[in-house]
Amino acid sequence: MLDPDEITAGLRTKRVGSRVLVYDSTSSTNDAAAEYARNKQNDGLVIFAEQQTAGRGRAGNKWLSTRADSILCSIVLTENIPPTELLSLLCAVAVAEAVGISARIKWPNDIMLGGRKVAGILLESKPNGACIIGIGINCHQSKDSFAAELQPIATSIDIETNSVTDRISLARRLLTSIDHWLELAAESGEKVMDQWRNLSIQLGHRVRLIYSGRQFAGNCIGVDPEKGLILQLDTGGIRMFDAAHSTIAR
Ligand code: BTN
């Protein structure tokens, strides 16, 4: 792993991106960020990489990407961290807004374009209370870049816009957006929830969900900033499902 370059201008925002490090290649930006998260002074530090050799997704999945095709980054938060569910919601809102066009949120952390996944978010908490927000956004992939089994469910911004994404502008929008939503969430979760409702694919629809290995089905009637997705279950009753233990079934 080569030493990262430190970007001192251009990408900076107030809190998120107060320092920005860019690796040519690293195992996972979340791993690199975890080292920095040991020191409280690194709040707001962002790590980017052109390539990951062991990128991770949720639920133990791999996050694969070829060199320079994506935004791969991790944000270190060491203080003033919103409650986990609210943080998860605000990250999804912020990434969807940065991707723009018609990006929508598939709960909890998938960002969808044209019905396919374009970005994912991996939140990891550390024993010292720090949190790492790992974000992968597919930019320059063509359909053939994805493995055959992913082609029906994955996409990139280039594919959906039929143009070449400006990754620097996207990175800038992303950091500004996360910064903005962290600030709003510090005041109240209401605005985050409102925007989540606007962008959610699931709200008002029937959802099949796997929670800690068990299947549940019901109508999605909302989201709670502390307890997660709210379903009116087919079997009767209302139940809430936190983001960390649940996945929407295909
Ligand atoms: C998911 O949808 O499963 C989450 C994917 C998160 C991928 C990003 S890429 C940058 C950061 N480093 C990682 O190893 N994972 C996250």
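Residues numbered from 1 in each chain as written. Predicted model: local features only at pLDDT ≥ 70, side-chain atom pairs only at ≥ 80, totals over all residues. Heavy atoms only, no water.

### Structural notes on the packing of helix H4 (residues 167–187) against helix H5 (residues 190–199)
H5 packs onto H4 with a crossing angle of 125° between their chain directions and a minimal axis gap of 7 Å. The orientation of H4 relative to H5 falls into the category oblique. Across the interface between the two elements, Trp-181, Leu-184 and Ala-185 of H4 pack against Lys-191, Val-192 and Gln-195 of H5. Taken together, the residues of the contact of H4 with H5 break down into four nonpolar, one polar and one charged. (Axes fitted to C-alpha atoms, helices over the stretch in contact; angles between N-to-C directions. Helix = DSSP H or I, 4+ residues; strand = E, 2+ residues; numbered from the N terminus. Parallel < 35°, antiparallel > 145°, perpendicular 65-115°, else oblique. Contact = heavy atoms within 4.5 Å. Nonpolar A, V, L, I, M, F, W, Y, C, P; charged D, E, K, R; others polar.)

### Quick look at the site of the ligand
Taken together, 20 residues lie around the ligand, and Ser-28, Gln-52, Arg-56, Arg-58 and Lys-117 are the ones closest in. Taking Ser-28, its side chain carries an N or O atom lying 2.7 Å from an oxygen atom of the ligand. A distance of 2.8 Å is found between a nitrogen atom of the ligand and a side-chain nitrogen or oxygen belonging to Gln-52. When isolated, the ligand has an accessible area of 420 Å², and the protein chains bury 98% of it. Residues that form the shell around the ligand fall into these classes: six nonpolar, 10 polar and four charged. (Near = heavy atom within 4 Å. Polar contact = N/O pair within 3.5 Å; in protein donor to acceptor, adjacent residues only side chain to side chain. Areas by Shrake-Rupley, 256 points an atom, 1.4 Å probe, with all protein chains shown as cover.)

### Description of the pattern of salt bridges
Per the counting criterion, the structure on display carries nine salt bridges. Asp-31 serves as the salt-bridge partner of Arg-56, at 2.7 Å between the closest nitrogen and oxygen. In this pair, Arg-56 sits in the loop between strand E3 (46–52) and strand E4 (70–77) while Asp-31 sits in helix H1 (residues 29–36), placing the two residues 25 residues apart along the sequence. On the basis of relative accessible area, Asp-31 is assigned to the partly exposed category, the value being 30%. Taken together, the shared-partner salt bridges in this structure form one network comprising Asp-31, Arg-56 and Glu-124. (Salt bridge = Lys/Arg side-chain N within 4 Å of Asp/Glu carboxyl O. Buried < 20%, exposed > 50% of the residue type's maximum accessible area, 1.4 Å probe, protein only.)

### Concerning the sheet that holds strand E11 (residues 228–233)
Spatially, E12-E11-E10-E9-E13 is the arrangement adopted by the five strands of the open sheet, whose pairing is antiparallel. Edge positions in the sheet fall to strand E12 (238–241) and strand E13 (246–248), since each has one partner strand and no second. Between one strand and the next, the sheet's axes are offset by a mean angle of 50°, whatever the strand orientation. Sheet analysis places E11 next to E12, joined by four bridges and oriented antiparallel. Following the sheet pairing, Ile-230 is matched in E12 by Met-240. (Pairing = 2+ DSSP bridges.)

### Description of the domain arrangement of the chain
On domain assignment, one finds that the chain holds domain 1 (4–199) and domain 2 (206–248). Just the C-alpha atoms count here: the centres of domain 1 and domain 2 sit 24 Å apart. Counting from both sides, the interface comprises 10 residues of domain 1 and, opposite them, 15 residues of domain 2. A combined buried area of about 1,100 Å² lies between domain 1 and domain 2, and 70% of that area is made up of carbon and sulfur atoms. There are four residue pairs in polar contact (both at pLDDT 80 or more) connecting domain 1 and domain 2. (Domains from an automatic or database assignment. Buried area = accessible area lost by both parts, 1.4 Å probe.)

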